[in-house]
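Structural features, examined
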Amino acid sequence: MNRFGLIGRNISYSLSKKIHESIARMNGYRLVYDIYDCETELDVIARLNQLRQGSIKGLNVTIPYKESVMRYCDRLTDTAKEIGAVNTLYMIDNELVGDNTDYYGFIKLLNLYHVNPKGKVSYILGSGGAAKAVNYALKSLGAKPVVVSRDKERIKDQFQLVANYEVLDIVPQIDIMVNTTPIGTSPRGDQMPVSKSIAQKTVVAIDLIYNPKETALMKTASFGIGGATMLVGQAMKAQAIWLDRVIDESKEAFDALVEEMHS
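Now for a description of the structure that goes with this document. Only a predicted model underlies this, so the values are computations on that prediction, with no experimental measurement involved.

This part is about the pattern of salt bridges. Two side chains of opposite charge can pair, provided their charged atoms sit close to one another. Tallied over the full model, the rule gives 11 salt bridges. Among the salt bridges present, the one from R71 reaches E41, with a minimum N-O distance of 2.9 Å. One end of the pair, R71, is in the loop between β3 (58-61) and β4 (75-76); the other, E41, is in helix α2 (residues 41-53), with 30 residues separating them in the sequence. The partner of R154 in a salt bridge is D151, with the nearest N and O atoms 3.4 Å apart.

Okay, here's the thing in structure tokens:
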């Protein structure tokens, strides 16, 4: 049976195994998906070698390796190059290919919730691999993304528009805010990456956290969207690539998978 998996650090909490195996079941086939907790990059390289040798057929990548894993790829897709981060790996013609399906999952989330960011200033909290994918997706849809970081100088060469958190105090209204930081993750679900007053003037808050199902940021903003839909969307796209098959991406399929994640 085909074996796939997720590489990252401190990821025992991940729901990716449940999601991927459920996607396969709902589409009429089976696969095995494992969580590979990699303490060091040497552990990452060991899993990449399994992928090269064929004992693993495909890998997803999460924190903190989405950017560092790029150096081990033989080639990158245009999307991965543009984003500057990799979350999906597979072999083509004996070459290790680095790809990115996070941006696809984020666009699916926007579509399913009927959020049109075109022409809107959108604030992205955080500057890691997920932020890069969100930034790329928003730009492709005609939005004006601003990456907000506590270390603006460090990231100014990585993004077109960057700002310190203080800018959020000044703007009268925030049309779209996307949290790509881990602040607010269970068991600290009562925490927020911004103050209550900033959250209250946010029209749409998209929190990429999926545990808890509804974060404090989502509850405080006018309208909140959780990260489960993006997680499902990027997983669907990864499987479509790995297995070269059409995956059911209907709203019903998304709803069933998101519900299963939180059951």
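Having seen the structure, we can now continue with the description.
A separate point is the environment of T181. Here T181 is to be found in the loop between β10 (174-179) and α8 (196-200). C-alpha separation for the pair T181 and L208, spaced 27 residues apart in sequence, amounts to 8.0 Å. Apart from residues no more than four positions distant in its own chain, T181 is found in contact with L125, G126, Y165, P193 and I209. A distance of 2.7 Å separates polar atoms of two side chains, one belonging to T181 and the other to N179.

This next bit is on the pairing of strand β7 (residues 121-125). Extensive coverage of β7 is indicated by the burial of four of its five residues. Between the parallel elements β7 and strand β8 (residues 144-148), the chain passes through helix α5 (residues 129-140) in a crossover that is right-handed. Pairing of β7 with β10 involves four bridges; the strand directions are parallel. Bridge pairing in β10 places S122 opposite I176.

Turning our attention to the sheet that holds β10. Read from one edge to the other, the open sheet built from six strands follows the order β9-β8-β7-β10-β11-β12, with strand pairing classed as parallel. In this open sheet, the two edge strands, each paired with only one partner strand, are β9 (162-163) and β12 (223-225). Relative to β9, β8 runs parallel, the two being bridged by two bridges. Directly across from V147, in β9, lies its bridge partner V162. Most of the contacts of α5 go to β7, to which it runs at about 170°, and overall it touches β7, β8 and β10.

Criteria and thresholds
- Residues numbered from 1 in each chain as written.
- Predicted model: local features only at pLDDT ≥ 70, side-chain atom pairs only at ≥ 80, totals over all residues.
- Heavy atoms only, no water.
- Salt bridge = Lys/Arg side-chain N within 4 Å of Asp/Glu carboxyl O.
- Helix = DSSP H or I, 4+ residues; strand = E, 2+ residues; numbered from the N terminus.
- Contact = heavy atoms within 4.5 Å.
- Polar contact = N/O pair within 3.5 Å; in protein donor to acceptor, adjacent residues only side chain to side chain.
- Buried < 20%, exposed > 50% of the residue type's maximum accessible area, 1.4 Å probe, protein only.
- Right-handed = clockwise from strand over helix to strand, strands pointing away.
- Pairing = 2+ DSSP bridges.
- Axes fitted to C-alpha atoms, helices over the stretch in contact; angles between N-to-C directions.

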